[in-house]
Amino acid sequence: MSAARYSEEFKAQVVREVIEKECTISSVASSYDLVPQTVGNWVARHKKEHATDQDRKEAFESAEIAKLRAEVRELRQENEFLKKQLPSSPRNDRDRALRARGREEGSYPISSMCRWSRVSKSGYYSWRDRPQSQAAVRREGLAILIKDVFEHSDGTYGYRRIQVVLERRGVRADGSTIRSIMRDLGLQAAQPRAKVRTTVPAQDLDERPDLLRRDFTADEPGKKLCGDITYVRTWTGFVYLATVLDCCTKKVVGYAMADHMHTSLVCQAIDMAVRRCPVEEGVTVFHSDRGSQYTSQRFLDHLKGYGIRPSVGRTGVCWDNAWAESFNATLKNERVHRMVYPTKDKAVKDIASWIELRYNHVRLHSALGYRAPNEAERDFLDLTKAA
């Protein structure tokens, strides 16, 4: 029914019901069998025609406040949107900006996103509706594989190790491409934290030789060993870990854990290493820092019992035992700092599992040509048998 059929008296009566009786527009419209929008138009026109200076001032202020709120809301959305975008090189600025718009479509108005990114709407729609290029399809496939490798590594692999794993699967990809995709996916390998010193230098220590001189490589397993002590924090106190590492295979061949740093701890680690790695009397070298456990007479006698030659670095020079320090940093970065240990027993079991099942068996080592320590050990044994 056309609005023109209603008399001005009838319209005024309906408006009075809304204004004077403070009824809602919907209820008044329902009582008169009218469309709510029609009643709302009548009320708005009445207020405009009968508005006082104070009413006009309040209406102006309300409009200004609404305008400012809209501007603030858009600025907030723009900041949120731009924070989500990643820096890009001039070569692929436009393409990356368009991909960013595509990811956020539905979260923000398209016109706003294009304005914030200085991309035309027509350019965006043309890009969006264009069939995917072979490069884009390959990039999407690579992203799925990269995410799978990253998650399988427990979030510890950077782009270099991921590149090696992909090559083993028969997928070739440039390192810069992998790094770019990881940035797009927000994948970042675990980062190291600051460490606490656990080396306690012995007093009145006689001069002892450094037989390694920072050469942590070896042609055969069991010829050069090195070790260190580190700590692991739990809710019930510290657990101390002593390790013995083989310089040829980079394998953890011996380790021991306890709630103390006594000499017996490093002796137990040596015992395990001797059982698992062939040592040659008078040839095998064990290198450590100058901690009191490693320079004690008891430990020296323990090494002598196996015919192992002791070697120590200089006091306060961490590079003289860099390989053992590097392993401790890897353990903390890739496992310990990402875990919570309510008990010491929980820490001991978890660390032993990580050493045996991940570090020795799975984790790729750059110094081994991106092979795992167990893999490097098997390759050496196969060559020995073939010879």
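Residues numbered from 1 in each chain as written. Predicted model: local features only at pLDDT ≥ 70, side-chain atom pairs only at ≥ 80, totals over all residues. Heavy atoms only, no water.

Here we look at the pairing of strand E2 (residues 237-246)
This is how the line gets drawn: Throughout, exposure labels follow a simple rule: accessible area from a 1.4 Å probe, protein chains only, divided by the maximum for the residue type, with under 20% read as buried, over 50% as exposed, and the rest as partly exposed. A run of H or I in DSSP becomes a helix once it reaches four residues, and a run of E becomes a strand once it reaches two; helices and strands are each numbered from the N terminus. Here, a strand pair is defined by DSSP locating no fewer than two bridges between the strands.
In terms of residue burial, E2 counts as a mostly covered element, since 8 of its 10 residues are buried. As paired strands, strand E1 (residues 224-234) and E2 are joined by 10 bridges and run antiparallel to one another. By the bridge assignment for E2, Cys226 is matched with Leu245. Here E2 pairs with strand E3 (residues 252-258) via 6 bridges, running antiparallel. The residue of E3 that forms the bridge with Ala242 is Ala256. Between E2 and E3, which follow one another and run antiparallel, lie 5 residues, and Lys250 among them has a positive phi close to 60 degrees.

Points about unusual backbone geometry
Look at Asp33: it is not a glycine, yet its phi comes out positive at around 60 degrees. By the element assignment, Asp33 lies in the loop between helix H2 (25-31) and helix H3 (36-49). A positive phi angle is found at Tyr370, which is not glycine, with a value near 55 degrees. The residue Tyr370 is located in the loop between helix H15 (344-359) and helix H16 (373-386) in this model.

Description of the sheet that holds E2
Just so we agree on the cut-off: Here an angle of 0 to 180 degrees is reported between the N-to-C directions of two axes, which are lines fitted to C-alpha atoms, with helices fitted over the stretch in contact. Any pair of residues with heavy atoms lying within 4.5 Å of one another is described as a contacting pair.
Strand order in the open sheet formed by 5 strands is E3-E2-E1-E4-E5, with mixed pairing between adjacent strands. In this open sheet, the two strands that pair with only one neighbour each are E3 and strand E5 (309-312). On average, each strand axis in the sheet is tilted by 25 degrees relative to the strand beside it, whichever way the strands run. Contacts from helix H14 (residues 322-334) reach E1, E2 and E3 within the one sheet, and its direction differs from that of E1 by about 30 degrees.

Structural notes on the pairing of strand E4 (residues 285-288)
Along E4, one buried face is formed by Val285 and His287 and the opposite face, lined by Phe286 and Ser288, is buried too. As judged from the 3 bridges shared by E1 and E4, these two strands associate in the parallel manner. Bridge pairing links Lys224 to Val285 in E4. As paired strands, E4 and E5 are joined by 4 bridges and run parallel to one another.

Remarks on the packing of helix H1 (residues 8-19) against H3
Threshold: When describing relative orientation, an angle under 35 degrees is termed roughly parallel and one over 145 degrees roughly antiparallel, while 65 to 115 degrees is termed roughly perpendicular and anything else oblique. Residues are grouped as follows: Ala, Val, Leu, Ile, Met, Phe, Trp, Tyr, Cys and Pro are nonpolar; Asp, Glu, Lys and Arg are charged; all remaining types, including Gly, are polar.
Relative to each other, H1 and H3 sit at 85 degrees, their axes nearing to 9 Å. With respect to each other, H1 and H3 are oriented roughly perpendicular. Contacts between H1 and H3 involve Glu8, Phe10, Lys11, Val14, Val15, Val18 and Ile19 on the former and, on the latter, Val39, Trp42, Val43, Arg45 and His46. Grouping the constituent residues of the contact of H1 with H3 by class yields 8 nonpolar, 1 polar and 3 charged.

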